[in-house]
Amino acid sequence: MITIIGAGRNKFDMTLGGDNAIKNSDVVVVKTTLTPTYEYFLDNNIKVESLDSCYEKATDFSDLDNLIVEYFKELSKKYDNIAFVVNGVGYDDTSVIRLSKEFDIKIIAGVSDSASILEQKPSCDYTIVSGHYFIDKQVINFNKRIPLIVKEIDNKNLASIIKLWLSKLYGDEQQITLLNGGKIEQIDLFELDRQDNYSYDTMLLIEPSKLVDRKAFDFSDLLEIMYILRSENGCKWDKAQTHESIRANMIEEAYELCDAIDNEDIINMIEEAGDVMLQTVFHSVIGEQTGEFDIYEVLFGLCDKLLSRHTHIFGEDKVDNPEDALLVWEKNKNKEKHHDTFSSAVNDVPKCYPALIRASKVCKRVGKGGWEIGDIEEIIHKINEEVEELKSAISKENHDNTMEEIGDILLSVTELSRACGVDAEQSLYNSTTKLQKRFTTFENLVLKDNKDMLKLTQTEADSYYNKAKELTK
């Protein structure tokens, strides 16, 4: 049995329980003699073994924990009742966590290192993490509505990593309370990695701030703002909205984001991506208030879908290229949506899609069901037939038939695009953009000659058009 004893911060913090466990042990091991807690043993003439040699041999903290585990494996061959004394509270030491996986342990908690800073800023609720928590993380999120304590900031490089992460969450001008070398001071976050020295007891505290005073924002802040806007004393316009009233906003914001992407406009991409996110949160808060759904259901559905459809990452499927990965996604999607027939997949294409996108998706899905209308030449022949039928409808001044035949031509052209491996939407987009440029050049040529756009002869118009076409190739 190994009894873990938290020694607190200095020689005065040893608890009666810890003192009694030390006196009744076969051997006492201290993690290090190089901290103020070791003075307790000197003052009481207690013989101990130290792990300072493990510190000297270790290349990093993970290696140190490995060496400590090996040390206790050998020690447990000689002693049954071992006391292991660590600084602070005891149960949050990484070596203790490792030992708990290898041995039967008992923990007698001591005074937390964080007490030194909480004595200055008392709080009932708070988050405490080790500075080493920030290493090799891709996602970090804290509840900014309660104090955050980061301890064990023991070197400059670690301080830089912590600063970068906290700057994302709080802003680099966020004021922090820094406890370093027994001294407590208020500094800006960007100064964290500019201190003269660091040690195991260096720690920081960030206190909660008002929403309007925050210097950086995260997803929880967006939710908080929307809850306020939709509250009893919130914005009259935001409170009046429904799913239906803001439905078109999502479409508009999505198109504005696409426009920013096409223009390679990073500043607008950031803004428009935020606007798209806002629409999702807006609908989720409305849904929560009407009892339909909330943001957590939305996030669960999204994450669950990503996990269940990427079975080549989170499951047993294997793929070698992007095309195979897409096939796995489609397979899992069909299974999830219970597309037991090709028709169920065809009819599942949303009716609110823009007509050309909807046509492309329907054509793709009917093609998967074996309904191919032939090769490129056959499709072109089909288009020619549709054109003749359109001429007939026009000659008979039959509006309904004319509309139907134009739709058939557009659908056949969509099929032709798919047969040629061309994105119909992108193709039409490119041609429309070309038309805009060509017309602009056309108008500039006309105005340059001091002529009226609306009074050109057909010959003049053709001449300017041909010049504009040549200039915009």
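Scroll up a little and you will see the structure.
Below, the structure is looked at part by part.

How each quantity is defined
Residue positions are given per chain, counted from 1 along the sequence in the order it is written. Whole-chain, interface and lining totals are the exception, using all residues; otherwise, since this is a predicted model, local features are given only for residues with pLDDT of at least 70 and side-chain atom pairs are given and counted only at 80 or more. By convention in this description, side-chain values take in all heavy atoms of the structure and omit both hydrogens and water. Per the convention used, a helix needs a DSSP run of H or I reaching at least four residues, while a strand needs a run of E reaching at least two, with both numbered from the N terminus. Relative accessible area decides the class of each residue, using a 1.4 Å probe on protein chains only: under 20% of the type maximum gives buried, over 50% gives exposed, and in between gives partly exposed. Strand pairing follows a simple DSSP-based rule, namely that at least 2 bridges must link the two strands. All axes are obtained by fitting lines to C-alpha atoms, using only the stretch in contact for helices, and the reported angles, taken between N-to-C directions, cover 0 to 180 degrees. We count a salt bridge whenever a side-chain nitrogen from Lys or Arg sits within 4 Å of a carboxyl oxygen from Asp or Glu.

Comments concerning unusual backbone geometry
Argument step 1. The backbone of Asp-136 sits at a positive phi, close to 60°, despite the residue not being glycine.
Argument step 2. The residue Asp-136 is located in the loop between strand E6 (127–130) and strand E7 (148–151) in this model.
Argument step 3. Exposure remark for Asp-136: the relative accessible area of 76% places this residue in the exposed category.
Argument step 4. A positive phi angle is found at Glu-152, which is not glycine, with a value near 55°.
Argument step 5. Mapped onto the fold, Glu-152 is located in the loop between E7 and helix H7 (156–170).
Argument step 6. On the basis of relative accessible area, Glu-152 is assigned to the partly exposed category, the value being 22%.

Let's talk about the pairing of strand E4 (residues 82–86)
Argument step 1. Counting buried positions over the five residues of E4 gives five, a clear majority of the element.
Argument step 2. Here E4 shows a buried face lined by Ile-82, Phe-84 and Val-86 and a second buried face lined by Ala-83 and Val-85.
Argument step 3. With five bridges joining them, strand E1 (residues 2–6) and E4 adopt parallel strand pairing. The residue of E4 that forms the bridge with Ile-5 is Val-85.

Overview of the sheet that holds strand E10 (residues 203–206)
Argument step 1. The five strands lie next to each other as E6-E7-E10-E8-E9, forming an open sheet whose pairing is mixed. One side of each edge strand has no neighbouring strand; the edge strands of this open sheet are E6 and strand E9 (183–188). For this sheet the average axis-to-axis angle between neighbouring strands, irrespective of direction, equals 20°.
Argument step 2. The sheet contact formed by strand E8 (residues 175–180) and E10 spans three bridges and is antiparallel. Looking at E10, one finds that Leu-178 is bridged to Leu-204.

Some thoughts on the pattern of salt bridges
Argument step 1. With the rule as written, the count across this model stands at 23 salt bridges.
Argument step 2. We note a salt bridge from Glu-119 to Arg-9, for which the minimum N-O separation is 3.1 Å. Of this pair, Glu-119 sits in the loop between helix H6 (115–118) and E6 while Arg-9 sits in the loop between E1 and helix H1 (16–23), and the two are 110 residues apart along the sequence.
Argument step 3. Residue Asp-93 is joined to Lys-31 by a salt bridge in which the shortest nitrogen-to-oxygen separation is 2.8 Å. Here Lys-31 lies in the loop between strand E2 (27–30) and helix H2 (39–43) and Asp-93 lies in the loop between E4 and helix H5 (94–100), a separation of 62 residues in the sequence.
Argument step 4. We classify Lys-31 as buried; its relative accessible area is 9%.
Argument step 5. Taken together, the shared-partner salt bridges connect Lys-144, Arg-145, Arg-214, Asp-218, Asp-221 and Glu-224 into one network.

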